[in-house]
Every structure is written in C-alpha cells, then in structure tokens.
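Close look at the chain arrangement
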Amino acid sequence: MDLRFLFTFLIFPFFAVSAEVGKFLEPISVTGQGEAKARHYIKSSALVAPVANFGRNSMEGSSSGALELDRDLLEQKLGELLGHRYQASGKVGVFLTREWNVKKVSPNFIIKIHDCMPDELSSSTFVRFGIWDHGSLIGNFAEPIRLAHYVEVFFSNKQINRGSRLNPSMFVSRPVDVLKQYSGAVPASSKLSGYQLAANVRENSAIRWNHLSKVTLVQKGKIVDVFAAGNGIYVTMKGMALEDGVEGGSVKIKNLSSDKIFHAKVLNENSVKVHL
C-alpha cells in the first residue's frame with residue numbers, strides 16, 4: 001500500500017472532526033497588542049442572582065446601626081419606664097435637670113431603673129439607672145429629674161352652680177399635668193353619677209375633687225325598702241333611715257316590724273341592701 005495514501009487516510013478524520021467542532025466555538029478576538037479578552041465563569045450548581053460589587057465605604061455604617069443616646073431619647077425611655085413602674089394612667093414626661101453627655105449605643109440597648117426617690121409620682125424625683133448594650137454595662141447613672149403626669153381631666157364648658165347634679169354634657173376633657181397646677185383634678189375616666197357640685201365653678205375651669213360632694217339619696221326619717229340576702233335566704237322588709245345616706249354609702253336603718261337597728265348599703269333613693 002502506498003504510504004502517502006495511508007497517511008492521508010489516518011489524518012483526514014482528525015481534520016474532519018476539528019472542522020465540525022469549530023462551528024460551535026466562539027472565535028477569539030485579538031486586541032491590537034495581540035492580547036485576548038478573557039471571559040470568567042463561576043461554576044455552581046445553583047442559579048445565582050447577580051449582585052453589585054459594593055465598595056468598602058458603602059458597606060460601613062449600613063451594618064453598624066449605631067444610635068446616639070441623647071437627651072431627648074433618654075427622656076423618652078425613662079418616661080416609658082417610670083410610667084410602667086408607677087402603673088400610671090396617661091403619659092409620664094421626664095425632663096433632665098442637668099447636662100447629659102451623648103452615648104453611642106446599638107438599637108438593642110436597654111435601660112434598667114435601680115431606684116427612685118420618692119416611691120410615688122412626684123414633680124421632682126431622683127432616679128438611679130444603668131444602661132446596657134449587647135449584655136455589656138455602658139455605665140450606672142444617678143440623675144435628678146422633673147416629672148410631668150399628663151392625664152385627660154374634666155373642664156367645665158359653662159358656669160355650673162353649687163348643688164347641680166353632674167352629667168357628661170357639662171364638661172369637655174383635656175390633657176394636663178396633674179402633678180403641678182392641676183393637682184387633684186378629676187380624671188375624665190371617672191364616673192360622676194351620684195355627685196353634685198359643692199361650690200360654684202366658672203366656665204373653662206378644671207373640675208377638682210374638692211369641688212364635688214356625694215348626692216344625698218336617702219334622707220333621715222325616710223321609709224325605704226330593705227333587701228336582705230345571704231345563706232340562701234332572701235327577705236324584703238320596710239325600714240326607716242335614721243340618718244342621711246349617699247349612693248354606695250352606709251346608712252343606719254330601723255326595722256319597722258321589730259324595731260331592730262342595723263346598717264345597710266344605699267342602692268338608690270328608695271332602696272338599701274343588707275347582707276345576712
């Protein structure tokens with residue numbers, strides 16, 4: 001066999017295969033300096049969404065989340081804690097009475113109140129507390145503070161005369177500091193049925209407890225119905241009031257049948273109740 005023919009027969013398949021594969025390969029582009037542009041691939045079994053390549057400066061600050069514990073933030077947190085400590089209705093406001101140095105903390109910082117003097121809500125208070133961040137103590141502090149206790153109270157919407165029976169249409173409610181000039185004001189959540197004014201009140205005046213008195217429902221010498229109950233026994237009888245009585249108060253009653261004297265609770269103008 002001719003050796004040139006054998007050589008052509010053996011080499012030809014290689015060129016044929018190379019020609020077929022070349023159709024699926026991208027041509028390599030060459031720059032002016034003869035350097036090929038490199039393509040980089042990441043081998044992964046998962047589909048990865050593309051993400052931007054952030055620099056170092058853009059990452060700083062976004063992950064730290066640092067806060068400045070300044071005067072306003074400290075007063076807000078102390079007000080919430082003291083309101084809970086004293087179980088106060090309404091809102092407790094705190095005002096620092098001396099300079100406060102700002103502290104750098106994380107959003108997870110906590111404040112623990114150690115002690116307060118006095119033990120009740122007062123306009124002037126001394127509080128000891130600690131500031132903790134991520135389980136580490138930032139410091140213990142002792143601060144004199146002023147407190148305000150804001151509560152919705154009743155104000156008269158017109159002049160009300162002494163002896164008037166009270167009803168909601170006579171009042172409006174406003175939030176005021178009951179630790180100062182509005183001390184003793186009647187909270188708007190109070191039930192005023194059974195009360196009357198013990199003094200004249202001008203329009204737009206805060207209603208205080210010393211302005212009110214209980215309405216006398218049962219008057220001395222009046223005959224009333226007596227309801228007696230207890231131990232499975234229920235009895236009704238007639239009795240005479242030996243003294244004046246107000247709603248919910250205790251009044252001395254005389255049984256008209258036996259002349260026995262006992263105390264009973266006033267229910268309304270015509271009825272009292274006694275427990276056997």
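**Comments concerning the sheet that holds strand S15 (residues 261-266)**
The strand order around the closed barrel built from five strands is S11-S12-S14-S15-S16, with neighbouring strands paired in mixed fashion. Along the sheet, successive strands turn relative to each other by an average axial angle of 50°, direction set aside.

**Observations regarding the packing of aromatic side chains**
Per the stated rule, a full pass over the model turns up six aromatic pairs. Here the aromatic rings of Phe154 and Phe171 are separated by 5.2 Å at their centres, their planes lie at 45°, and the arrangement is tilted. With Phe154 in strand S6 (residues 136-156) and Phe171 in strand S7 (residues 171-177), this pair connects stretches of sequence that are 17 residues apart. Across this residue pair, the class does not change: Phe154 and Phe171 are buried. Judged by centre distance (6.0 Å) and plane angle (55°), the ring pair of Tyr195 and Trp209 falls under tilted.

**Section: the pattern of salt bridges**
Pairing between side chains of opposite charge can happen when their charged atoms approach one another. Taken as a whole and judged by the stated rule, the model has six salt bridges. The salt bridge involving Glu143 is made with Arg98; its shortest N-O contact spans 3.0 Å. Of the two residues, Glu143 sits in strand S6 while Arg98 sits in the loop between strand S2 (91-96) and strand S3 (103-105), which places them 45 residues apart along the sequence. Salt-bridge contacts for Lys238 lead to Asp225; the nearest nitrogen and oxygen are separated by 2.4 Å. Of the two residues, Lys238 is situated in strand S12 (residues 233-241) and Asp225 in strand S11 (residues 223-230); the sequence distance between them amounts to 13 residues. Here Asp225 falls in the partly exposed class, since its relative accessible area comes to 27%.

**With respect to the environment of Met240**
Among the secondary structure elements, Met240 is positioned in strand S12. The class of Met240 is partly exposed, set by a relative accessible area of 26%. Measuring from C-alpha to C-alpha, the distance between Met240 and Asn255 comes to 6.8 Å, with 15 residues separating the pair along the chain. For Met240, the contacting residues outside a window of four places in its chain are Gly221, Lys222, Ile223, Lys252, Ile253, Lys254 and Leu256.

**Some words on unusual backbone geometry**
Cis geometry is adopted by the peptide bond preceding Pro118, which originates at Met117 and carries an omega value of 0°. A positive phi angle is found at Asn231, which is not glycine, with a value near 55°. Accessibility expressed as a relative area gives 76% for Asn231, which makes it exposed.

**Looking at the nonpolar core**
Core analysis: the largest hydrophobic core is formed by 22 residues, its most contacted members being Leu69, Leu74, Leu82, Trp100, Phe129 and Ile131. Secondary structure elements with two or more residues in this core: helix H3 (71-85), S2, strand S4 (110-117), strand S5 (124-133) and S6. A total of four residues in this core trace back to one element, the largest contributor, which is H3. Counting residues in hydrophobic clusters, the runner-up holds 14 residues, among them Leu217, Val218, Phe262 and Val272.

Criteria and thresholds
For every chain, the first residue of its written sequence is number 1, and the numbers climb from 1 along that sequence. Local features in this predicted model are restricted to residues whose pLDDT is 70 or higher, and side-chain atom pairs enter the listing and the counts only when it is 80 or higher, whereas totals over whole chains, interfaces and linings include all residues. No hydrogens and no water enter the side-chain calculation; it runs on all heavy atoms of the structure. A pair of strands is treated as paired once DSSP finds two or more bridges between them. Each helix is a run of H or I in the DSSP string that is no shorter than four residues. Each strand is a run of E no shorter than two, and both are numbered from the N terminus. The axes used here are C-alpha line fits, helices contributing only the stretch in contact, and every angle between their N-to-C directions lies in the interval 0 to 180 degrees. Centres within 6.5 Å make a pair out of two Phe, Tyr or Trp rings, where for Trp the six-membered ring is used; the pair is then stacked when the planes are under 30 degrees apart, edge-to-face when over 60, and tilted otherwise. Type-normalised accessible area, obtained with a 1.4 Å probe on protein chains alone, sets the label of each residue: buried when under 20%, exposed when over 50%, and partly exposed for intermediate values. Definition used for salt bridges: Asp or Glu carboxyl oxygen within 4 Å of a side-chain nitrogen of Lys or Arg. Contacts were defined at the residue level, with two residues in contact if any of their heavy atoms lie within 4.5 Å. Grouping buried Ala, Val, Leu, Ile, Met, Phe, Trp, Tyr and Cys residues that are joined through side-chain atoms within 4.5 Å yields what is termed a nonpolar core.

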